[in-house]
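# Breakdown of the fold
Chain residues, written in single-letter form:
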There are 2 protein chains.
Amino acid sequence: MSENEKMTEEKIFEAATIVFEEEGLSGARMQSIADRAGINKALLHYYFRTKDHLFEAVFTKLAKKMFMKFNPIFENNLSLEEKIRFFFKEHISFMQQNPKLPGFILNEINHNPQRIQKLIKNIEFKNLWLKILEQHKDELYKYNITEETLPQIMTTIASLSVFPFAAKGILEVIFENMGVDFDKFIELRKNFAADFVIKAITK
Amino acid sequence: MSENEKMTEEKIFEAATIVFEEEGLSGARMQSIADRAGINKALLHYYFRTKDHLFEAVFTKLAKKMFMKFNPIFENNLSLEEKIRFFFKEHISFMQQNPKLPGFILNEINHNPQRIQKLIKNIEFKNLWLKILEQHKDELYKYNITEETLPQIMTTIASLSVFPFAAKGILEVIFENMGVDFDKFIELRKNFAADFVIKAITK
DNA sequence: TATACTTTTGACCATTCGGTTAAACCTATT
DNA sequence: AATAGGTTTAACCGAATGGTCAAAAGTATA
């Protein structure tokens, strides 16, 4: 039945997500995914014809899930400062529940940059400055934000949020050595990063 | 001759570095490395018995090369502000010449965290705070740096420097869309990141 | 030049891996 | 109960992969 079918496809998808996140495209084994889904390997190919098909499906969904989290910033009508605080809280909370996502996505894109191209080529980054300008015209004078520094500030905000997860493997070892708990560090980071950025851009 | 031997081992090592950086451990093929080095595949196993041996050699050297760049900060006797400026200039310059290194190292560590453990377990991060305290006792009052915020600030500095390279694949696409040149962005980042951090931590 | 030793090679091996096939199994419809 | 449809499986396949081996090629020493 279609109910059962959804179940199986879902099982496969969830298993594939875990294995791909953990091992990467080239490191993942179809057999591991089948085992984890509790099904036969041939059934994988029945639902998703090839490994690449399956990977593409998983990757696209995860990447969208990730980039979606950046959207609300340009939608709601908070102040710039509120938006920054909102972003760090939401984005870091999301990654707390998906700690392996950032490293996985960054890595796979570096291995095959064209994969992301079709995903974000539709988004009009060109209008980004105009959009921000119209929403926050008055506030921009208060902060050191110009069309020139926008890429730097955007990247900076993304860095502060994403990097700790992308570098989790290293940080955990270093922090352990310093007697710092990674999870606690992340919890504190929501406010620290927001304060840090706001302090830095305020004239 | 030993001269020739060094030549061959060197050729293998360089080829392996390129292939591993590009494809990762699981994606790299011994045949590709042999081809790139212009030698027989069996010769790889003559010099480095297994793929894992070869990878370990390459990874260890690259990881050391990377982390070495953090050292001078705790050695020279510049002021805190000078150290921050010095770090961003040196570290980003280094990565400009090795743009694939950050992503490679982060990814391989996430896949196998214990790999980094033996490399940095010798470093005494516990004394880090004491070391900084003794070198910059007076300055620390000027900045918002305490033993509690140190991990956040350290991670922040690393983020601002490393992340743009770890996310190069994405940023290049986005920047292209915005009419921004990645290399120019990186060049500007050396000063932007330093200014940003100093502004943020100055009371 | 003969000998001993190291380096390099081509051919080969065992295993793993993504993918296929034909048959068995289920489930709904008649 | 018989039929037809999709779903699931065990067994299998060819190619790719990491690794081995014995012989060839090179080199230094006597």
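From a predicted model like this one, the values you see are computed outputs, not experimental measurements. (Residues numbered from 1 in each chain as written. Chains lettered and ligands numbered in written order. Predicted model: local features only at pLDDT ≥ 70, side-chain atom pairs only at ≥ 80, totals over all residues. Heavy atoms only, no water.)

## Remarks on the interface of chain B and chain A
Facing 59 residues of chain B, the contacting portion of chain A comprises 58 residues. Across the chain B to chain A interface the summed buried area is about 4800 Å²; carbon plus sulfur atoms make up 68%. Linking chain B to chain A there are 0 salt bridges. Where chain B meets chain A, there are 20 residue pairs in polar contact (both at pLDDT 80 or more). Among the secondary structure elements, those contributing two or more residues to the side of chain B that touches chain A are helix H1 (2–27), helix H7 (101–111), helix H8 (114–120), helix H10 (150–166), helix H11 (168–178) and helix H12 (182–201) of chain B. Looking at the side of chain B that touches chain A, the element that brings in the most residues is H10 of chain B, giving 15 residues. Considering only residue class, the side of chain B that touches chain A consists of 33 nonpolar, 17 polar and 9 charged. (Contact = heavy atoms within 4.5 Å. Buried area = accessible area lost by both parts, 1.4 Å probe. Salt bridge = Lys/Arg side-chain N within 4 Å of Asp/Glu carboxyl O. Polar contact = N/O pair within 3.5 Å; in protein donor to acceptor, adjacent residues only side chain to side chain. Helix = DSSP H or I, 4+ residues; strand = E, 2+ residues; numbered from the N terminus. Nonpolar A, V, L, I, M, F, W, Y, C, P; charged D, E, K, R; others polar.)

## Concerning the nonpolar core
Residues Phe 20 and Phe 88 of chain A together with Phe 20 and Phe 88 of chain B are the most contacted members of the largest nonpolar core, which totals 142 residues. Aside from chain neighbours lying at most four places away, what touches Phe 20 of chain A is Leu 25, Ala 28, Ile 33, Lys 51, Leu 54, Phe 55, Val 58 and Phe 104 of chain A. (Core = buried A, V, L, I, M, F, W, Y, C linked by side-chain atoms within 4.5 Å. Buried < 20%, exposed > 50% of the residue type's maximum accessible area, 1.4 Å probe, protein only.)

## Points about the domain arrangement of chain A
All names here are of chain A. If you check the domain split of chain A, you get domain 1 (2–57) and domain 2 (69–201). A C-alpha centroid distance of 31 Å is found between domain 1 and domain 2. Taken residue by residue, the interface counts 7 residues in domain 1 and 6 residues in domain 2. Summing both partners gives a buried area of about 650 Å² for domain 1 against domain 2, and 53% of it is carried by carbon and sulfur. For the domain 1 face of the interface with domain 2, the top three residues by lost area are Glu 21, Phe 55 and Glu 56, together amounting to 68%. (Domains from an automatic or database assignment.)

## As for the pattern of salt bridges
Residue and element names in this part refer to chain A. Applying the stated rule across the entire model yields 14 salt bridges over all chains. Salt-bridge contacts for Arg 115 lead to Glu 56; the nearest nitrogen and oxygen are separated by 3.4 Å. Highlighted residues: Arg 115 in helix H8 (residues 114–120) and Glu 56 in helix H4 (residues 51–68), separated in sequence by 59 residues. Looking at Glu 56, the relative accessible area reads 25%, which means it is partly exposed.

## A closer look at helix H2 (residues 30–37) of chain A
All names here are of chain A. The complete set of buried residues in H2 reads Met 30, Ile 33, Ala 34 and Ala 37. Within H2, the buried residues cover an arc of 100° as seen down the axis, which keeps them to one side. Positioned one or two residues after H2, Gly 38 has a phi angle of 70°, which is positive. (Arc of directions from axis to C-beta.)

## Quick notes on the relation of the copies chain B and chain A
Overlaying chain B on chain A yields an RMSD of 0.0 Å, the required transformation being a rotation through 180° with an accompanying axial translation of 0.0 Å. Interpreted geometrically, this transformation is the action of a two-fold axis. Relative to the rotation axis, the closest C-alpha in chain B is found at Ala 200 of chain B, a distance of 2.1 Å. A share of 98% of interface residues in chain B that are also interface residues in chain A marks the association as one of identical surfaces. (Least-squares fit on C-alpha atoms with pLDDT ≥ 70 in both.)

## Remarks on the packing of helix H10 (residues 150–166) of chain A against H11 of chain B
In the contact formed by H10 of chain A and H11 of chain B, the axes pass within 12 Å of each other and the chain directions differ by 155°. It follows that H10 of chain A is roughly antiparallel to H11 of chain B by the angle criterion. The interaxial crossing formed by H10 of chain A with H11 of chain B has right-handed handedness. Residues Leu 150, Pro 151, Met 154 and Thr 155 of chain A of H10 of chain A form the contact with H11 of chain B, whose own contacting residues are Leu 171, Phe 175 and Met 178 of chain B. Its residues placed into classes, the contact of H10 of chain A with H11 of chain B shows 6 nonpolar, 1 polar and no charged. (Axes fitted to C-alpha atoms, helices over the stretch in contact; angles between N-to-C directions. Parallel < 35°, antiparallel > 145°, perpendicular 65-115°, else oblique. Left-handed = near helix turned anticlockwise from the far one by under 90°.)

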